[in-house]
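Summary of the model geometry
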Amino acid sequence: MLVIIGYIIVGASVLGGYAMHGGSLGALFQPFELVIIAGAAIGAFVCGNSSKVVKATLRALPTTLHGSRFTKQRYLDLLALLYEILNRVRREGLMSIEADVEEPQNSPLFQKYPALLADEHLVEFVTDYLRLMVSGNLNPLELEALMDQEIDTHHQEASVPAHAIQRIADGLPAFGIVAAVMGVVNVMGSVGDPPAVLGAKIGAALVGTFVGILLAYGIVGPLASVLEQKVSESSKQLECIKVALLASLNGYAPALAVEFGRKVLFSTERPTFGELEDTVRGKSAA
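Put simply, the largest pocket is a space of about 820 Å³. Residue lining of the largest pocket: 27 residues in total, with Ala 60, His 154, Ala 158, Pro 161 and Val 231 positioned closest to the centre. Residue assignment for the lining of the largest pocket shows that the elements contributing at least two residues are α4 (51-60), α10 (140-188) and α11 (195-249). Split by residue class, the lining of the largest pocket holds 10 nonpolar, 9 polar and 8 charged. Approximately 340 Å³ is the volume found for the second largest pocket. Across the lining of the second largest pocket, the residue classes break down as 8 nonpolar, 7 polar and 2 charged.

Here it is as structure tokens:
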């Protein structure tokens, strides 16, 4: 929703300001310039990326219109799930969660949190490291290094669409200049036309530069920024899991382990100590 609101503000500011200055909005309607700029940008995107990147970008673009799914409630559920798992491990031993780790979709623990269970990457991350913990004694430092590498890989892979979109935005002003130059070439071939006709053609050529810059900084560039922010949020939940599991592996009680995880969250979504305690108690009593 914020993306759409932002686009409305950009359009109203640019076009409204132009109209208030006495400009004719009809003069900005140059579909051929837009075909040159947009077509060249799309073509460069297709030839400059692998099919995997193209598909990932197309899947990621619709998510820019959705609000963030990483809310305070989601993190409360995540920390409560980790608490329940770690508390069972502390009371009954690591082998008590083997069935939950192997088949999380059928696990009563995971089924309490359907939103988390629907996130395949999150479930895989949690269960993989719990499986390693169940399999034997592990050096916490080695496990932390492995977690860091996986989180870094996840961040790099998830950032690919944002980087691809940003490269399109970086190239749009240049494609706008290409369209403008082609318009000028058209004008030079019509030097015998009346001044009014030449003026219209020169204006159309300049629109190419205008459209290229507007698309770059007002339309496409912000999408790359939104995608990058979503990647950062998705990596943060993995860091939360990492810190909580490592704290448990180092001997801290479940309540302290999830508190470690809570502290690494962004302040805008981080639940308070009291909120987390109330949630954990409620889930434990259920």
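Right, let's talk about the environment of Gly 199 for a bit. Here Gly 199 shows up in helix α11. With relative accessibility at 41%, the residue Gly 199 sits in the partly exposed group. In sequence terms Gly 199 and Leu 15 are 184 residues apart; their C-alpha atoms lie 21 Å from each other.

To continue, consider the pattern of salt bridges. The full count for this structure, using the stated rule, is 11 salt bridges. Between Asp 119 and Arg 74 there is a salt bridge; the shortest N-O distance is 2.7 Å. One end of the pair, Asp 119, is in the loop between α8 (114-117) and α9 (120-135); the other, Arg 74, is in helix α5 (residues 72-92), and 45 residues separate them in sequence. For Asp 119, a relative accessible area of 10% gives the class buried. The class for Arg 74 is buried, based on a relative accessible area of 8%. A salt bridge links Arg 131 to Asp 128; the shortest N-O distance between them is 2.9 Å. Of this pair, Arg 131 and Asp 128 both sit in helix α9, 3 residues apart, which is roughly one turn of the helix. Of the residues examined, Arg 131 reaches a relative accessible area of 30% and is grouped as partly exposed.

About the cut-offs
- Residues numbered from 1 in each chain as written.
- Predicted model: local features only at pLDDT ≥ 70, side-chain atom pairs only at ≥ 80, totals over all residues.
- Heavy atoms only, no water.
- 1 Å grid on protein atoms, 1.4 Å probe; cavity = no way out; pocket = protein on both sides within 12 Å on 5 of 7 lines; lining within 4 Å.
- Points joined across faces, edges and corners; volume = space filled by probe spheres on them.
- Helix = DSSP H or I, 4+ residues; strand = E, 2+ residues; numbered from the N terminus.
- Nonpolar A, V, L, I, M, F, W, Y, C, P; charged D, E, K, R; others polar.
- Buried < 20%, exposed > 50% of the residue type's maximum accessible area, 1.4 Å probe, protein only.
- Salt bridge = Lys/Arg side-chain N within 4 Å of Asp/Glu carboxyl O.

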